[in-house]
Amino acid sequence: MRSIGLGNAQNHRLKLITSIVLLKIYIMKASRYLFTFAAAIIILSCRSTKITSSWKLGNAETKSYHNIMVWAILPEKDSTLRRQVETHLVNDLIGKGYHALGSLEVYRAKAYEKLNSKEIVDEFKSTGVDAVITMVLLDKIKEEKYYPGGIFNPAINPNGRFDRYYSSVYEKILTPGYYLSTTDYFWEANLFDVSEDKMTYSVHTKSFDPASTESLAHENGLLILKDMVKQKIIKNPEPLIEQ
């Protein structure tokens, strides 16, 4: 009878250990997916555009320009992004009381050709453009990081117990990893005073993993316009409304 009772106790202990191991494996898997979700939330919340450097000509005066052209200098393969960038900044300028237009509206079929000086100046004169804001995408960096499964779970085996060792190794060896991808955009914007034929303002911005090119164009345009007002390059006739 003692041997039967001892056997039952050992079976009960083995079932208990097995249950504990399975529970720990479940908790570890759940924590890994929770971390993945949290990491994704952090990346989404960090999406933003910021100014990395800003410059203005020392003797540049604050002006109210009559007709500002926004010119995004991008290749034809980025035509959608070019239109979005020009449209958003043009609308932001119009919202502040300026008359503005995009280069795509002016040059149309010639928009993606290399124009000579005469063609550029002739269009400025015919449209009454007295300032040009250029937008250039300096760089676009895609980064993809791989996170092995269980890499964030420390080894659990302080007492040398098999169940803890097994669950820890199982998590690290058998749980699949995952990828997180981000894209950074680096921009340069310059303002040229047509009447003085010189650049009076320049700014560099960085956009970290924007949700879309539409939001990228919107955030970048607002930020550049705010900085031009702050640097007293253009006047601010009306308060800028956040959108």
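Sequence order as written defines residue numbering, which begins from 1 separately in each chain. Given that this is a predicted model, residues contribute local features only at a pLDDT of at least 70 and side-chain atom pairs are listed and counted only at 80 or more, while totals for whole chains, interfaces and linings are drawn from all residues. Only hydrogens and water are set aside when side-chain values are computed; all heavy atoms of the structure are taken into account.

Caption draft 1: Structural view of the pattern of salt bridges. Salt bridge, as used here: a side-chain nitrogen of Lys or Arg that lies within 4 Å of a carboxyl oxygen of Asp or Glu. A full pass over the atoms with the stated rule returns seven salt bridges. Here Glu-196 and Lys-63 are joined by a salt bridge, their closest N and O atoms 3.0 Å apart. Of the two residues, Glu-196 is situated in the loop between strand S5 (178-193) and strand S6 (198-208) and Lys-63 in the loop between strand S1 (48-56) and strand S2 (68-73); the sequence distance between them amounts to 133 residues. As a salt-bridge pair, Lys-198 and Glu-196 come within 3.4 Å of each other at their nearest N and O atoms. To sort residues, take the accessible area from a 1.4 Å probe on protein chains only and compare it with the maximum for the residue type: under 20% means buried, over 50% means exposed, and anything in between is partly exposed. Residue Lys-198 is classed as partly exposed on the basis of its relative accessible area, which comes to 32%. Given the relative accessible area of 39%, Glu-196 is considered partly exposed. Helix and strand definitions follow DSSP, with helices as H or I runs of at least four residues and strands as E runs of at least two, each counted in order from the N terminus.

Caption draft 2: Quick peek at the environment of Asp-197. Along the chain, Asp-197 turns up in the loop between S5 and S6. It is 9.4 Å that separates the C-alpha atoms of Asp-197 and Ala-131, two residues lying 66 residues apart in sequence.

Caption draft 3: Structural view of the nonpolar core. Only buried residues count toward a nonpolar core. Its members are Ala, Val, Leu, Ile, Met, Phe, Trp, Tyr and Cys residues joined through side-chain atoms within 4.5 Å. With 31 residues, the main nonpolar core has Ile-68, Leu-93, Met-135, Trp-187, Leu-191, Met-228 and Ile-234 as its most contacted residues. Secondary-structure elements contributing two or more residues to this core are S2, helix H2 (79-95), strand S4 (131-147), S5, S6 and helix H6 (213-230). It is H6 that provides the largest number of residues to this core, a total of six residues. For this analysis, residues touch if any pair of their heavy atoms sits within 4.5 Å. Sequence-distant contacts of Leu-191, that is, excluding residues within four places in its chain, are made with Tyr-65, Val-132, Ile-133, Lys-198, Met-199, Thr-200, Tyr-201, Met-228, Ile-233 and Ile-234. Of all hydrophobic cores here, the second largest spans 11 residues; its members include Trp-71, Leu-101, Phe-124 and Val-132.

Caption draft 4: Looking closely at H6. By this rule the span expected of a helix is its residue count minus one, scaled by 1.5 Å. With 18 residues, H6 should reach 26 Å at 1.5 Å per residue; the first-to-last C-alpha distance of 26 Å fits that figure. Looking at H6, one finds that the buried residues are Leu-216, Ala-217, His-218, Asn-220, Gly-221, Leu-222, Ile-224, Leu-225, Asp-227, Met-228 and Val-229. At the C-terminal side of H6, Lys-232 shows a positive phi close to 60°.

Fair warning: the whole summary comes from geometry, so function is off the table for now.
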